[in-house]
Amino acid sequence: MIREILRMGDPRLLARSHEVERLGTPELSALLADMRDTMRALDGAGLAAPQIGVPLRVVIFGMESNPRYPDAPAVPYTELVNPVLTPLADDEEEGWEGCLSVPGLRGAVPRFTRLHYEGLDPDGRRIARDVDGFHARVVQHECDHLDGILYPMRIRDMRRFGFTDVLFPELAGATE
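These figures come from a predicted structure and were not determined experimentally.

Draft legend 1. Representation of unusual backbone geometry. Positive phi, normally seen in glycine, also occurs at aspartate 43, with a value near 55 degrees. Here aspartate 43 shows up in the loop between helix 1 (26-41) and strand 1 (46-48). One non-glycine residue, asparagine 82, lies in the positive phi region at around 55 degrees.

Take a look at the structure:
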């Protein structure tokens, strides 16, 4: 089922989410199915449970190609429960981000370039990966939602924040 996306300004997006305590449940499966349907319907690269009003530490991400990020490489589809991120270096890179909870806008956000993430799949199997580039950016963006952080909070230069159709006219019409 496609769920409504909470938008910036909703206080639920600013709260820290709770750990998932029971894996392999019908409730978790239903949540993930709704998240998948919602992300795909809106051409998202990822989605966090808090974005649909569920305060649990669950994120999904992945894409082959995406009209919102036409130059981005593929990211394998992943369902990650109770994630933990560890930067692999202090190096950061600014990159343009958008968000389904901040529709119509983009901003240049600094993110770690290399990252280790781990957590569990919905059935409790461990996931652990070292990633870089766009994959690392997507994971950091989605996991920020679990701590009540929206990407505009990370922008260092507000001159690099604005409406997508003004900043990137070639993306006009792509869903935010």
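Draft legend 2. Region of interest: the nonpolar core. In terms of nonpolar packing, the biggest core is built from 19 residues, with Val59, Phe61, Tyr117 and Phe134 touching the most fellow members. Elements with a contribution of two residues or more to this core: strand 2 (58-63), strand 3 (75-87), strand 6 (114-120), strand 7 (126-132) and helix 2 (133-146). The contacts of phenylalanine 61, once residues within four sequence positions are left out, are Met39, Ala45, Gly46, Val75, Pro76, Tyr77, Thr78, Leu80, Tyr117, His135, Val138 and Val139. Counting 15 residues, the second largest nonpolar core, distinct from the first, contains Met39, Ile52, Val54 and Val81.

Draft legend 3. Main features of the packing of aromatic side chains. Under the defined criterion, the tally for this structure stands at three aromatic pairs. With a centroid separation of 5.8 Å and an interplanar angle of 85 degrees, the aromatic rings of phenylalanine 61 and tyrosine 117 are classed as edge-to-face. Remark: tyrosine 117 occurs in strand 6 and phenylalanine 61 occurs in strand 2; sequence separation between them is 56 residues. Considered together, phenylalanine 61 and tyrosine 117 belong to a single accessibility category, that of buried residues. The interplanar angle of 75 degrees and the centroid separation of 6.2 Å between the aromatic rings of tyrosine 151 and phenylalanine 161 together place this pair among those described as edge-to-face. Of this pair, tyrosine 151 sits in the loop between helix 2 and strand 8 (161-163) while phenylalanine 161 is found in strand 8, placing the two residues ten residues apart along the sequence. Its relative accessible area of 2% is what places tyrosine 151 among the buried residues. Relative accessible area serves as the criterion here: at 22%, phenylalanine 161 is assigned to the partly exposed category.

Draft legend 4. Layout of the sheet that holds strand 3. Ordered in space as 1-2-3-6-7, the five strands form an open sheet in which the pairing is antiparallel. Of all strands in the sheet, those bounded by a partner on one side alone are strand 1 and strand 7. Taking the axes of each pair of neighbouring strands and ignoring which way they run, one obtains an average angle of 35 degrees across the sheet. The pairing of strand 2 with strand 3 spans five bridges and is antiparallel. Considered in strand 3, the bridge of valine 58 is made with valine 81. Strand contacts of helix 1: strand 1, strand 2 and strand 3, with the helix running at about 40 degrees to strand 2, the strand carrying the most contacts.

Reading the values: the criteria
- Residues numbered from 1 in each chain as written.
- Predicted model: local features only at pLDDT ≥ 70, side-chain atom pairs only at ≥ 80, totals over all residues.
- Heavy atoms only, no water.
- Helix = DSSP H or I, 4+ residues; strand = E, 2+ residues; numbered from the N terminus.
- Core = buried A, V, L, I, M, F, W, Y, C linked by side-chain atoms within 4.5 Å.
- Buried < 20%, exposed > 50% of the residue type's maximum accessible area, 1.4 Å probe, protein only.
- Contact = heavy atoms within 4.5 Å.
- Phe/Tyr/Trp six-rings, centres within 6.5 Å; stacked < 30°, edge-to-face > 60°.
- Pairing = 2+ DSSP bridges.
- Axes fitted to C-alpha atoms, helices over the stretch in contact; angles between N-to-C directions.

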